[in-house]
Amino acid sequence: MAHIGTLGSPLTFAGQATAQLLARRSDEPGEPAYFPTMDAVVAAVLGADIDLGVLTSETSRTACTDTAARILAGEPLFVVDEIVVPYHCMLLGKPGTALADIRHVGGHGSIRQCRRFLAESLPHAQVEMHEQNSVAAARDVLAGDGTHAVIGTAALGRELGLEVVAADVDDGAAGGWWALSAKPDRPEGADHAAVRVTGAEELEDATARARAHGLRLRTVTNQPTGELFRYGYLMTLRSERGPIAAAVLDDFGPALVGAFTTSTAH
């Protein structure tokens, strides 16, 4: 059984983030498994087909992603690691395609990182997120008439024989990826925590607990509960004093949905 899985292939942004994560977690066995959709990654985690699934948690252009929404909705997913990776998005086309030729741009979540470039440089092009991943979108470009392009990695272009029409079109965007488990875990040295609460009172209580333990609020995102003026909140907390003690994590009780370290790839 593959130990860890992610979206698409080694040629996707998720695949590159997973490779960076595995380089840091050098004790992980085997090669990653790759799945066609984010839903399939989550299903593999929840079905115990893989131990860890790597999905985008947030980006510098779009804030928190569907991963946070899944946790807020109560899916039994727990954050056990995090890596931050710059995107370096490439606009890729068939050999000979010029920017002026492009009438359609495909890709996956990375399209969102390139909104300014696409609006300014290709205002008349149809921009469409592929329902699977950027590799599938790139294959559509190869099968097209030269008026289609895809937002993807440089490695994707090299592998499929696509040319870089424009490089680094994301204005320096970076993404955070979470390694998610179906079981709670407390990795050694974890200095970040993820906490899920519902309603303003629980949010205030969790914030007070964090402050009492010397934890700082890093991010907070919310989601409607169906009740007016009442939201679910996902908080990430960080320690400035090194690893978070087990007793501190225990104090958050069932609201704790993650304990992890973070690193940035360059």
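For the structure, check the block above.
Residues numbered from 1 in each chain as written. Predicted model: local features only at pLDDT ≥ 70, side-chain atom pairs only at ≥ 80, totals over all residues. Heavy atoms only, no water.

### A few points about the pattern of salt bridges
In step 1: Overall, the coordinates contain 13 salt bridges when judged by the stated rule.
In step 2: Taking the shortest distance from any N to any O, the salt bridge between R116 and E120 comes out at 2.6 Å. Taken together, the positions of R116 and E120, both in helix α4 (residues 115–121) and four residues apart, correspond to about one turn of that helix.
In step 3: E120 gets classed as exposed once you look at its relative accessible area, which sits at 56%.
In step 4: One salt-bridge network, in which partners are shared between bridges, spans R24, R25 and D81. (Salt bridge = Lys/Arg side-chain N within 4 Å of Asp/Glu carboxyl O. Helix = DSSP H or I, 4+ residues; strand = E, 2+ residues; numbered from the N terminus. Buried < 20%, exposed > 50% of the residue type's maximum accessible area, 1.4 Å probe, protein only.)

### Things to note about the nonpolar core
For soluble globular proteins, nonpolar side chains are generally found buried alongside one another.
In step 1: If you look at the biggest cluster of nonpolar residues, it comprises 31 residues, and the most contacted ones within it are L91, V105, I151 and W177.
In step 2: If you list the elements that add at least two residues to this core, you get β1 (4–7), α1 (13–24), β3 (52–59), β5 (78–86), α4, β9 (148–152) and β11 (174–181).
In step 3: With five residues, the top contributor of residues to this core is α1.
In step 4: With 19 residues, the next largest nonpolar core counts I50, L72, W178 and L234 among its residues. (Core = buried A, V, L, I, M, F, W, Y, C linked by side-chain atoms within 4.5 Å.)

### Topic: the pairing of β3
In step 1: Counting buried positions along β3 gives seven out of eight residues, so the element sits mostly inside the fold.
In step 2: In the sheet, β1 pairs with β3 via two bridges, with the strands oriented parallel. The residue of β3 that forms the bridge with G5 is G53.
In step 3: In this sheet, β11 lies alongside β3 in antiparallel orientation, the contact comprising six bridges. Within β11, the residue paired with E58 across the bridge is G176. (Pairing = 2+ DSSP bridges.)

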